[in-house]
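Observations on chain architecture
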Amino acid sequence: MIELLLQRWRGMAPRERRMVAGGAAVIALALVYLLLFEPAAVGRRQIAAELPALRAQVARMDVLVAEAARLANAPAGTDSPEQLRVRIEQSAASAGLSERAQVQLVGERIEVRAKDVPFVLLTGWIDTVLRETRVRVVDATVTRELQPGLVTARLALEAARRDRRP
């Protein structure tokens, strides 16, 4: 096959050889561009477009790592259930839930009942309580009310234990 191509090449006039060589060079340059340079350029554009989102994710992860380290180094909950109940009552009062929420001690658990409470206020307060008192929610029931944004909730909280393994 190569001999056939060489015979044809030798049979061409010098002008035809230049035209075929020029066409082959154009095809070779097009293949190099399509196989090497274009994929690299497209990849760079995609990476440049994704980079801000990835940096934002890294920043969020750094914040979460710092918070996890802070929580891991925090002292274990040494408060008695009665002390926790008092702290939760104080937290509910400071959040403006004292009139609508009742906090009771039931065995080792603290039960919170709230009626006609704005859902946003309740979830914000729960987040604050979980962070400040190192308790965990072991049971929760939330029911929406007829008025938009209001809920009735029952939460069972208990002190987080350090002896649990992940």
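Description of the structure in this document. As the structure is a prediction and not an experimental result, all values here were calculated from the model. (Residues numbered from 1 in each chain as written. Predicted model: local features only at pLDDT ≥ 70, side-chain atom pairs only at ≥ 80, totals over all residues. Heavy atoms only, no water.)

1. With respect to the overall build of the protein
- Per the secondary structure count, the protein includes 4 helices and 4 strands.
- Secondary structure elements of the protein occur, N-terminal to C-terminal, as α-α-α-β-β-α-β-β.
- Burial analysis of the protein (166 residues in total) assigns 17% to the buried set.
- Carbon and sulfur atoms provide 60% of the accessible area of the protein, an area that totals close to 12600 Å². (Helix = DSSP H or I, 4+ residues; strand = E, 2+ residues; numbered from the N terminus. Buried < 20%, exposed > 50% of the residue type's maximum accessible area, 1.4 Å probe, protein only. Areas by Shrake-Rupley, 256 points an atom, 1.4 Å probe, with all protein chains shown as cover.)

2. A few points about the environment of P52
- Mapped onto the elements of the fold, P52 is located in helix α2 (residues 14-73).
- Taking the C-alpha atoms as reference points, P52 and V142, 90 residues apart in sequence, are found 38 Å from one another.

3. So, unusual backbone geometry
- Backbone geometry at D116 places phi at a positive 55°, although glycine is not the residue there.
- Looking at D116, the relative accessible area reads 33%, which means it is partly exposed.

4. Things to note about the nonpolar core
- One finds I88, I110, V112, L122, W125 and L157 to be the most contacted residues of the largest nonpolar core, which totals 20 residues.
- Broken down by secondary-structure element, the contributors of at least two residues to this core are α3 (81-94), β1 (101-106), β2 (109-118), α4 (119-133) and β4 (150-159).
- Per-element accounting of this core gives the leading share, 5 residues, to β4.
- Beyond its immediate stretch of four places on either side in the chain, I110 contacts P81, L84, R85, I88, V103, Q104, L105, L155, A156 and L157. (Core = buried A, V, L, I, M, F, W, Y, C linked by side-chain atoms within 4.5 Å. Contact = heavy atoms within 4.5 Å.)

5. As for the pairing of strand β3 (residues 135-144)
- Relative to β4, β3 runs antiparallel, the two being bridged by 9 bridges. What sits directly across from T143, in β4, is T152.
- In this antiparallel pair of consecutive strands, β3 and β4, the connection spans 5 residues, and G149 shows a positive phi of 90°. (Pairing = 2+ DSSP bridges.)

6. Brief notes about the side chain of E158
- With respect to the element layout, E158 can be found in strand β4.
- According to the relative accessible area criterion, E158 is buried, its value standing at 15%.
- At 2.4 Å, the side chain of E158 forms a polar contact with the side chain of R136.
- Each residue touching E158, except ones within four places of it in the same chain, is listed here: R109, V135, R136 and V138. (Polar contact = N/O pair within 3.5 Å; in protein donor to acceptor, adjacent residues only side chain to side chain.)

7. Examining the sheet that holds β3
- With respect to topology, 4 strands assemble into an open sheet ordered β1-β2-β4-β3, the strand pairing being antiparallel. The open sheet has two free edges, formed respectively by β1 and β3, since each of these has just one partner strand. Neighbour-to-neighbour, the strand axes of the sheet open up by a mean angle of 15°, direction not taken into account.
- Relative to β4, β2 runs antiparallel, the two being bridged by 7 bridges. Paired with I110 across the bridge in β4 is L157.
- Strand contacts of α3: β1, β2, β3 and β4, with the helix running at about 175° to β1, the strand carrying the most contacts. (Axes fitted to C-alpha atoms, helices over the stretch in contact; angles between N-to-C directions.)

8. Considering the pattern of salt bridges
- This model, assessed by the stated rule, comprises 8 salt bridges.
- The salt bridge partner of R131 is D127, with a shortest N-O separation of 3.2 Å. Here R131 pairs with D127, and both are found in helix α4, just 4 residues apart, close to one helical turn.
- The class of D127 is partly exposed, set by a relative accessible area of 38%.
- Close ionic contact of R136 with E158 constitutes a salt bridge, the shortest N to O distance being 2.4 Å. Remark: E158 occurs in strand β4 and R136 occurs in strand β3; sequence separation between them is 22 residues.
- Each of E67, D127 and R131 takes part in salt bridges that share partners, so that together they form one network. (Salt bridge = Lys/Arg side-chain N within 4 Å of Asp/Glu carboxyl O.)

Keep in mind that these numbers describe shape and distance, not what the molecule does.
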